[in-house]
Protein chains: 2
Amino acid sequence: MVTKNDIEQAHKLIAKYIHRTPILTNTSINAMVGAELFFKCENFQKIGAFKIRGGMNAALSLSPEKLANGIATHSSGNHAQAIAFAARELGVKAYIVMPENAPAVKVKAVQGYGAEISFCQPNQAAREATVQKIVEATGAAFIHPFDNDRVIGGQATCVKEMIEDMPQLAVVVAPVGGGGLLSGTALGAHYFGENIQVYAGEPEGAADAVLSFKTGKVEKAPFVNTIADGLMTSLSERTLGIIKTYVKDIFLVSEEEIKGALRLVYERMKIVVEPSCVVPLAAVLKNKAVFEGKKTGIILTGGNVDLSAFGEWFQQ
Amino acid sequence: MVTKNDIEQAHKLIAKYIHRTPILTNTSINAMVGAELFFKCENFQKIGAFKIRGGMNAALSLSPEKLANGIATHSSGNHAQAIAFAARELGVKAYIVMPENAPAVKVKAVQGYGAEISFCQPNQAAREATVQKIVEATGAAFIHPFDNDRVIGGQATCVKEMIEDMPQLAVVVAPVGGGGLLSGTALGAHYFGENIQVYAGEPEGAADAVLSFKTGKVEKAPFVNTIADGLMTSLSERTLGIIKTYVKDIFLVSEEEIKGALRLVYERMKIVVEPSCVVPLAAVLKNKAVFEGKKTGIILTGGNVDLSAFGEWFQQ
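Residues numbered from 1 in each chain as written. Chains lettered and ligands numbered in written order. Predicted model: local features only at pLDDT ≥ 70, side-chain atom pairs only at ≥ 80, totals over all residues. Heavy atoms only, no water.

Undergrad: Would you mind showing me how to read the domain arrangement of chain A here?
TA: By a widespread convention, an interface's size corresponds to the accessible area lost as its parts come together. All names here are of chain A. By the assigned domains, chain A splits into domain 1 (4-48 + 149-314) and domain 2 (52-142). The centre of domain 1, based on its C-alpha atoms, is set 24 Å off from the matching centre of domain 2. Every contact between the two is made by 25 residues of domain 1 and, on the other side, 17 residues of domain 2. Both faces considered, domain 1 and domain 2 share a buried interface measuring about 1800 Å² in area, 60% of it formed by carbon and sulfur atoms. (Domains from an automatic or database assignment. Contact = heavy atoms within 4.5 Å. Buried area = accessible area lost by both parts, 1.4 Å probe.)

Structure representation (structure tokens):
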């Protein structure tokens, strides 16, 4: 289990590699919700997403011998960039397994950090088998996107910063995919906050966490189809265990609600965020009574977005 | 002529109505240019654009008797919002003349501030005639979008803030439409800076200012066709007079260069800006030798953008 000290150590370890991201507020969104919202802007983070926190902490926690052979992961998203970035910073090789249908823009970003990319069939089994082969051949250290205590401890530094900057927070809301950020946030809020309640938002089109939260065991989503491409993964035993204990509730939101929240952030806050990122705001807007009058922290997780998709998301 | 004292007074007058907007930097864009760029983020300003500075200063400078009958202007863009906002803040009526083809999103924003909108044919003569009629009928005070010393003095407070926050600036670049911001910036840099050179960027598809700058008299653009919808207007004698004296040069940029700069700001800086806003950055990227090694301030003028247009701007 990730301890308070683990998170404090993680924060010290990664400090020089990350930005201390700002917290923004918006009067008109506050008025819509009837609460004071505090947006932690991880879209302004290095690599454009919070994932650098966990990836960097995991890489820096490896022994020099382990690290020397490089680091590896499978991801089509921000974790791939985090591992590629970490490897470049530490002067070792990065091996990234990406599904062959990964968006060109993400492949380009990972290549930009100098990582070696292996493409595989777009399914979980192929990803795992491919990375396994690479690890065996190269001796690289595998860093799982979320099923890893160092990753969870790293992600927890985000809520730690929020609490340091806004000690009066009553609630924090994070999105949930594999649960690395959510479990880290829940632990961080528990260790560093005073009775902070942690909630999560999840897309209806990737509703595994809400189900697992109810049944108490890791479940698959009934179907997966959402523009929140960072939240398609299922929980692991490790993340579910933490979430069951420390998370108050998980709210589902529809694709229309995600698009509405996305439009709100672009139009009112004038910042670029990715769809996964606004799922917590969509959840807050849908469940105003829960948050009314409360100082509510919202983690805006990232801003790595394919601009050419906007035409579809924001039709007139 | 707007004096140093006029700008100082304007800044005091409007202080409580505006945000002190942040200055952002971006390592990768710096590396592309070979200069240190400092982006003044007026996209985060009240109403989403710098225009509130000039509009508010002009409204606040009216006598109570003049103000009592309300304020009026013609504009399809951010100045309309500025006047509507100012009127609401001061508890008077706003009369806004908009062309009948103005984007719904802008009409909605102006209505949102409670202004009374009159539609007219989409040409300059119709705009002026319509506003003239309204002024005669209501006694409202007309506040021109740029051909007004109070407006110019208000816009100048933007560069004043930049110099206060970054006294070592060597260059400042602004976009030019009617020249209100550019002339205010040139005067502000002259009064508050130490040998700061002021440059402008202008779209090839609205190239009146570059022509007027060369011939020394107010010229029309050879043609008007640009996504930089805030920069379609021509200079006035007043703004050209200041620009001729205090601006070093005006650089033209193509539509492709505007789109490229727009993509850069969205992808690297993760902030929402409107096309007019990135014309200075496009000019800097096109003329690197001029800016190389210099601490360069860039005014990001606004972020009021129609999200449904992104599909067209950012095709894959």
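Undergrad: Quick question: what am I supposed to make of the relation of the copies chain B and chain A here?
TA: Between the two copies of the chain lies a relationship made up of a rotation around an axis and a movement along it. Overlay of chain B on chain A (RMSD 0.0 Å): rotation 180°, translation along the axis 0.0 Å. What the superposition gives is, in effect, a two-fold axis relating one chain to the other. Comparing interface residues between copies, 100% of those in chain B also lie at the interface in chain A; the contact surface is shared. (Least-squares fit on C-alpha atoms with pLDDT ≥ 70 in both.)

Undergrad: Could you clarify how one ought to interpret the packing of helix α3 (residues 51-60) of chain A against helix α8 (residues 149-165) of chain A in this entry?
TA: Residues and elements named next belong to chain A. Two numbers describe how α3 lies on α8: the axes approach to 7 Å, and their chain directions differ by 135°. On the basis of the axis angle, α3 is oblique to α8. Judged by the sense of rotation from one axis to the other, the crossing of α3 with α8 is right-handed. Along the contact surface, α3 presents K51, R53, G54, N57 and A58, while α8 presents R150, V151, G153, G154, Q155, T157, C158 and E161. A class-by-class count of the residues in the contact of α3 with α8 yields 3 nonpolar, 6 polar and 4 charged. (Axes fitted to C-alpha atoms, helices over the stretch in contact; angles between N-to-C directions. Helix = DSSP H or I, 4+ residues; strand = E, 2+ residues; numbered from the N terminus. Parallel < 35°, antiparallel > 145°, perpendicular 65-115°, else oblique. Left-handed = near helix turned anticlockwise from the far one by under 90°. Nonpolar A, V, L, I, M, F, W, Y, C, P; charged D, E, K, R; others polar.)

Undergrad: What's the story with the interface of chain B and chain A in this structure? I'm lost.
TA: The interface is formed by 20 residues belonging to chain B together with 20 residues belonging to chain A. Across the interface of chain B and chain A, roughly 1700 Å² is buried in total on both sides, 63% from carbon and sulfur atoms. For the pair chain B and chain A, the interface holds 6 residue pairs in polar contact (both at pLDDT 80 or more). Elements with a minimum of two residues in the side of chain B that touches chain A: α12 (255-269) and α15 (310-313) of chain B. Per element, the largest residue contribution to the side of chain B that touches chain A is 4 residues, and it comes from α12(B). Within the side of chain B that touches chain A, the residues separate by chemical class into 8 nonpolar, 8 polar and 4 charged. (Polar contact = N/O pair within 3.5 Å; in protein donor to acceptor, adjacent residues only side chain to side chain.)

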